[in-house]
Amino acid sequence: MASDQPIRIISVAGARPNFMKIAPLARAFAARDALAPMLVHTGQHYDERMSRLFFEELGIPRPDVNLEVGSASHAVQTAEIMKRFEPIVVDNRPDCVLVVGDVNSTIACALVAAKLGVPVAHVEAGLRSFDRTMPEEINRLLTDAISDFLFVTEPSGLANLKAEGVPDAKVHFVGNVMIDTLLANLEKARAGRTLEDLGLEPRAYVAMTLHRPANVDDPAVFERLFGAIRQIADDLPVVFPAHPRTRQNMERFGYFAEGGRRMGNVRVIEPLGYLDFLRLMAEARLVLTDSGGIQEETTILKVPCLTLRENTERPVTVDVGCNQIVGTDPDRILAAYRKVAGAETFTCGTPEKWDGRAAERIADILVERLG
Ligand code: UD1
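Residues numbered from 1 in each chain as written. Predicted model: local features only at pLDDT ≥ 70, side-chain atom pairs only at ≥ 80, totals over all residues. Heavy atoms only, no water.

Draft legend 1. Geometry of the nonpolar core. Core analysis: the biggest nonpolar cluster contains 59 residues, and L25, L98, F151, L280, I362 and L366 have the highest contact counts within it. Shared between two domains, this core takes at least three residues from each, and those domains are domain 1 (7–176 + 354–370) and domain 2 (185–342). Membership of the second largest hydrophobic core comes to 31 residues, among which are F222, I232, V340 and A341. (Core = buried A, V, L, I, M, F, W, Y, C linked by side-chain atoms within 4.5 Å. Buried < 20%, exposed > 50% of the residue type's maximum accessible area, 1.4 Å probe, protein only. Domains from an automatic or database assignment.)

Draft legend 2. Structural detail: the pattern of salt bridges. Counting across every chain of the model gives 29 salt bridges. A salt bridge links R190 to E283, with the nearest nitrogen and oxygen atoms 3.4 Å apart. You can see R190 sitting in helix 7 (residues 177–190) and its partner E283 sitting in the loop between helix 12 (274–282) and strand 11 (286–289), a full 93 residues away along the chain. By relative accessible area, E283 is classed as buried at 14%. One salt bridge in this structure joins R309 and E313, with 2.6 Å as the shortest N-O distance. (Salt bridge = Lys/Arg side-chain N within 4 Å of Asp/Glu carboxyl O. Helix = DSSP H or I, 4+ residues; strand = E, 2+ residues; numbered from the N terminus.)

Draft legend 3. Quick peek at the sheet that holds strand 4 (residues 96–100). Within the open sheet, the seven strands sit side by side as 3-2-1-4-5-6-7. Their pairing is parallel. Two strands bound the open sheet, and with one partner strand each, they are strand 3 (65–66) and strand 7 (171–173). In this fold helix 16 (residues 358–370) packs onto strand 1 (7–13), strand 2 (35–41), strand 4, strand 5 (120–125), strand 6 (149–152) and strand 7, with an angle of close to 160° to the strand it touches most, strand 6. (Pairing = 2+ DSSP bridges. Contact = heavy atoms within 4.5 Å. Axes fitted to C-alpha atoms, helices over the stretch in contact; angles between N-to-C directions.)

Draft legend 4. Focus on the layout of surface pockets. In this model, the second largest pocket occupies a volume close to 320 Å³. H41, S51, R52, P63 and N66 are the residues nearest the centre of the second largest pocket, which is lined by 13 residues in total. If you tally residues by element for the lining of the second largest pocket, the top one is helix 2 (residues 52–58), at three residues. Of the residues that constitute the lining of the second largest pocket, the class distribution is three nonpolar, five polar and five charged. (1 Å grid on protein atoms, 1.4 Å probe; cavity = no way out; pocket = protein on both sides within 12 Å on 5 of 7 lines; lining within 4 Å. Points joined across faces, edges and corners; volume = space filled by probe spheres on them. Nonpolar A, V, L, I, M, F, W, Y, C, P; charged D, E, K, R; others polar.)

Draft legend 5. Helix 11 (residues 244–253), seen in detail. Buried residues of helix 11: T246, R247, N249, M250 and F253, and no others. Within helix 11, the buried residues cover an arc of 165° as seen down the axis, which keeps them to one side. Exposed residues pointing more than 90 degrees away from the buried face of helix 11 are listed as Q248 and R252. Backbone geometry just after helix 11 places G254 at a positive phi near 90°. (Arc of directions from axis to C-beta.)

Draft legend 6. Inspection of the site of the ligand at higher detail. In the vicinity of the ligand, 21 residues are found, and the nearest of them are Q44, H45, E136, H211 and H243. One nitrogen or oxygen atom from the side chain of H243 is found 2.8 Å from an oxygen atom belonging to the ligand. At the level of elements, helix 1 (16–30), helix 3 (74–92), helix 5 (135–145) and helix 11 are the ones that each hand at least two residues to the shell around the ligand. Among the elements that take part in the shell around the ligand, helix 11 stands out by supplying three residues, more than any other. Of the residues contributing to the shell around the ligand, the split by class is five nonpolar, 10 polar and six charged. The residue makeup of the shell around the ligand includes at least three contributed by each of domain 1 (7–176 + 354–370) and domain 2 (185–342). (Near = heavy atom within 4 Å. Polar contact = N/O pair within 3.5 Å; in protein donor to acceptor, adjacent residues only side chain to side chain.)

Draft legend 7. Up close: the side chain of T143. When you line up the elements, T143 lands in helix 5. Dropping the residues within four chain positions of it, T143 is found in contact with V99, T106, I107, A110 and H122.

What follows is the structure, encoded as structure tokens:
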């Protein structure tokens, strides 16, 4: 029999790519009387432009708790989140802890909940790059292994979880909450002045992001990649809102020295807010990235994406024809760039259930199962 007590859910957000996933979930939870939601921010990301701006733009409620962990090594950051999250769970006795994505905050909070016997819901379960040198791959594998609700975005996630022996009853193919946020905000983003402010013409520039440790931490690896990007920037402007870790590394490697000589025509700017970056992507000729989520967003925007990694955990974006995994070899990047930039038109498909309703499906399932 259903209890008349609301179901207590603690949702966790920690780093920039979590915020656009939490926004539609917070809204769907608040709209259901059966749910009593609470939001915890771990403070993994804390800069104004990496955190607060997203809460404002996306209308995410103010977190009930901020653990303020900040930056540290992986072990220290993960441990600090766990230490500070445990008393929150003990004091609030939630019926479920919901985590999103694959960042350190995701595994840290999932592990705390699982050890306290609280059911864990993982949104964006089942994605696998099969590259265990990526910290996110470790976070994904471990979080899925201890989750009770595995909410999957794409068919590969279903196949991966099946291959790992996860019982079907725990797995729910719901679509993509990141796309819920994109569809809800696209009109507003298109009305913005991002391009005018940056002096760019639609379809006449490249938008780029780079922040993976494997690409940006070693000066030789970074320069090999950046050399190809400099050549692209001689053809079309490349606009690069740089993640703080990338900017710090570029400063250390001397890219801003001598009047920015090693930068060529690449325009490095501060990280953008959600709406500005969405507009920047939506109007670009193409996007260069090593991010996970951007591969998904470009797929819905129908803007070609060249992924500067050797693998992807989001193969549906390649299957529908929007994303190409071009690796980090300069010749390969330049060849792919010329082909895509020179094409007259571009079309690609839309993954199943990326329709703006994923958070609603998740909320319905949690109410039904936990009620
Ligand atoms: C994290 C995620 C990554 C995600 C990325 C998106 C993990 C393992 N990685 O990587 O999956 O794609 O977020 O942004 O969780 N820093 C700041 N200000 C901030 C946050 C970070 O300056 O607000 C700098 C600090 O120097 C910090 C470094 O960035 O040491 C790395 O931050 P961290 O949270 O450890 O990982 P990200 O590289 O941001």
